[in-house]
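# Observations on chain architecture
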Amino acid sequence: MTTFAPDSLALNRKLPLWYQVSQSLRASILGRRPDAPLRLPTEDALAAHYGVSVLTMRQALKELEAEGLISRHRRRGTFIEPDARRGAPVRLLGSVDAIVAQQSGMVTKVLEHGTGPVPPDLAEHFPGVARAGVFRRLRSDERTGEPTNHAVNYVRPDLAARIDPAELEHRPMTKVLRDSVGVAISRITDTVEARLAEPETARLLDVPLLSPILHYTGITYDEAGRVIDVARIHYRGDRFSFTVTLDAD
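What comes next concerns the included structure. (Residues numbered from 1 in each chain as written. Predicted model: local features only at pLDDT ≥ 70, side-chain atom pairs only at ≥ 80, totals over all residues. Heavy atoms only, no water.)

## Some points on the nonpolar core
Ranked by size, the top nonpolar core spans 21 residues in total, and within it Val155, Ile163 and Leu177 carry the most contacts. Counting only elements with at least two residues in this core, the list comes to strand S6 (147–155), helix H5 (157–160), helix H6 (173–180), strand S7 (185–196), strand S8 (212–222) and strand S9 (227–236). Beyond its immediate stretch of four places on either side in the chain, valine 155 contacts Phe126, Ala132, Gly133, Phe135, Ala160, Ile163, Met173, Leu177, Ile228 and Asp229. In this structure, Val21, Leu46, Ala47 and Ala60 belong to the second largest nonpolar core, which totals 18 residues. (Core = buried A, V, L, I, M, F, W, Y, C linked by side-chain atoms within 4.5 Å. Buried < 20%, exposed > 50% of the residue type's maximum accessible area, 1.4 Å probe, protein only. Helix = DSSP H or I, 4+ residues; strand = E, 2+ residues; numbered from the N terminus. Contact = heavy atoms within 4.5 Å.)

## Considering the pairing of S9
S9 sits mainly inside the fold: 10 of its 10 residues count as buried. Relative to S9, S6 runs antiparallel, the two sharing seven bridges. If you follow valine 155 over to S9, its bridge partner there is aspartate 229. As judged from the nine bridges shared by S8 and S9, these two strands associate in the antiparallel manner. Directly across from glycine 218, in S9, lies its bridge partner alanine 231. Here S8 folds back onto S9 in antiparallel fashion, the turn holding four residues, of which glycine 225 has a positive phi close to 85°. (Pairing = 2+ DSSP bridges.)

## Quick word on the packing of aromatic side chains
The final tally for this structure, using the stated rule, is two aromatic pairs. With centroids separated by 6.0 Å and ring planes inclined at 85°, the aromatic side chains of tryptophan 18 and tyrosine 19 adopt a geometry described as edge-to-face. An identical accessibility class is assigned to tryptophan 18 and tyrosine 19; each is buried. The side chain of arginine 187 reaches across the aromatic face of tyrosine 221, ending 3.8 Å from its centre. (Phe/Tyr/Trp six-rings, centres within 6.5 Å; stacked < 30°, edge-to-face > 60°. Lys NZ or Arg CZ within 6 Å of the ring centre and 35° of its normal.)

## Things to note about the environment of arginine 232
Mapped onto the elements of the fold, arginine 232 is located in strand S9. Along the backbone, arginine 232 and histidine 150 are 82 residues apart, and their C-alpha atoms lie at a distance of 8.3 Å. One polar contact links arginine 232 to aspartate 121, side chain to side chain, over a distance of 2.3 Å. (Polar contact = N/O pair within 3.5 Å; in protein donor to acceptor, adjacent residues only side chain to side chain.)

## A short note on the pairing of S8
With 10 of 11 residues buried, S8 is to be regarded as a mostly interior element. Strand direction decides the pairing type here: S7 and S8, joined by 11 bridges, are antiparallel. In the strand pairing of S8, arginine 195 is matched with isoleucine 213.

## Some words on the sheet that holds S7
Taking strand neighbours across the sheet as the criterion, the six strands line up as S4-S5-S6-S9-S8-S7 in an open arrangement whose pairing is antiparallel. At either end of the open sheet lies a strand with only one pairing partner, and these are strand S4 (106–117) and S7. Going across the sheet, the axis of each strand differs from the next one's by a mean of 15°, ignoring polarity. Inspection of the sheet shows S4 paired to strand S5 (residues 131–141) by 11 bridges, in the antiparallel sense. Residue pairing for S5: glycine 116 is matched across the bridge by alanine 132. (Axes fitted to C-alpha atoms, helices over the stretch in contact; angles between N-to-C directions.)

## Examining unusual backbone geometry
You will see that arginine 75, though not glycine, has its phi angle at about 75°, which is positive. Within the secondary structure, arginine 75 sits in the loop between strand S1 (70–73) and strand S2 (77–80). A positive phi angle, close to 70°, is found at leucine 210, a residue other than glycine. With respect to the secondary-structure elements, leucine 210 resides in the loop between helix H7 (199–205) and S8.

## Thoughts on the packing of helix H1 (residues 17–30) against helix H3 (residues 54–67)
Think of two packed helices as two axes; the pair is described by the angle between the axes and how far apart they sit. Close contact between H1 and H3 brings their axes to 8 Å; oriented N to C, the two are set at 50°. With respect to H3, the element H1 is oriented oblique. Like other packed secondary-structure pairs, H1 and H3 cross with a definite hand, here right-handed. Counted together, Leu17, Trp18, Val21, Ser22, Gln23, Leu25, Arg26 and Ile29 of H1 and Thr56, Met57, Gln59, Ala60, Leu61, Glu63, Leu64 and Glu67 of H3 form the full contact between these two elements. Residue composition of the contact of H1 with H3, by class: nine nonpolar, four polar and three charged. (Parallel < 35°, antiparallel > 145°, perpendicular 65-115°, else oblique. Left-handed = near helix turned anticlockwise from the far one by under 90°. Nonpolar A, V, L, I, M, F, W, Y, C, P; charged D, E, K, R; others polar.)

## Comments concerning H1
Between its first and last C-alpha, H1 extends 20 Å over 14 residues, near the 20 Å set by a 1.5 Å rise per residue. In terms of burial, H1 is a largely internal element, 13 of the 14 residues being buried. (Expected span 1.5 Å × (residues − 1).)

Below, the structure is given as C-alpha cells:
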C-alpha cells in the first residue's frame, strides 16, 4: 500500500523536537492533496525522515492522535483521519517554522492590499510610522470552502512595498517576509483572547453576530528588535481551540 509522504523539516534544537515534528507532520496532513494516501509510513521510517529518535517520533504521533488527526492500529499501521481538518488548535509554543506550519492547509483569498493609517493601539509598535502596509485575507477550508479565519496584517511600509500580494494566496505572511523579502526574523509574540464577532467579522466568517471567536495577535520582530509586522486574526470559535504546552524541567 502506498504511504503518505510528509514534508521535510529543519529542526531548531532550542525547542522540543517532538513538538516541531508533530507540527510539521500536522501541516503536511492538513495541506495534503485530496487524493493523497491515508496511510503514514512506519515509526522507524518517519524517525529517519525527520532525523529524530523513534521515541521522539512516537511522542509526536501521540500528540497528533490526541488531536484526532490520525488513528493507530496494531499490526495495520497509522492512518490519517479523513476529516482531519476539524477542530484545529491554535498553539502558542513554537519556532517560526512551527508558526508557518500552523497556517498551512487552507485556501487563502487576498481581500485587500495597500496602505493605511497605523491603528492608535498599534502606534507603540511602529514609532514614527504614520501609515503601514495593510493586507487583509480570508482563509477557508480547502475541502468545504467554509471560512475559517480572517487575517489583517500591518507591515512596515518599506517592507510592505516589496511584498507581492499574489504570494499571500499561497504562503503565510511570515514565510513571505522571511524567504521573499529577506527579513531575518528573531521572534514572534503571540496573544490569544476570546471575543464576540462584530458585524464585519461575522459576515466574513459566516457566523451569527456576537458568536464566540478566538482573536489572535502576532507581533513579529526582526534581529534589530524592530516590529516588522502585526497580525490580527479572527478564528471561528466552532472550528478552533486554544492550546498551550508547558514542558517541566
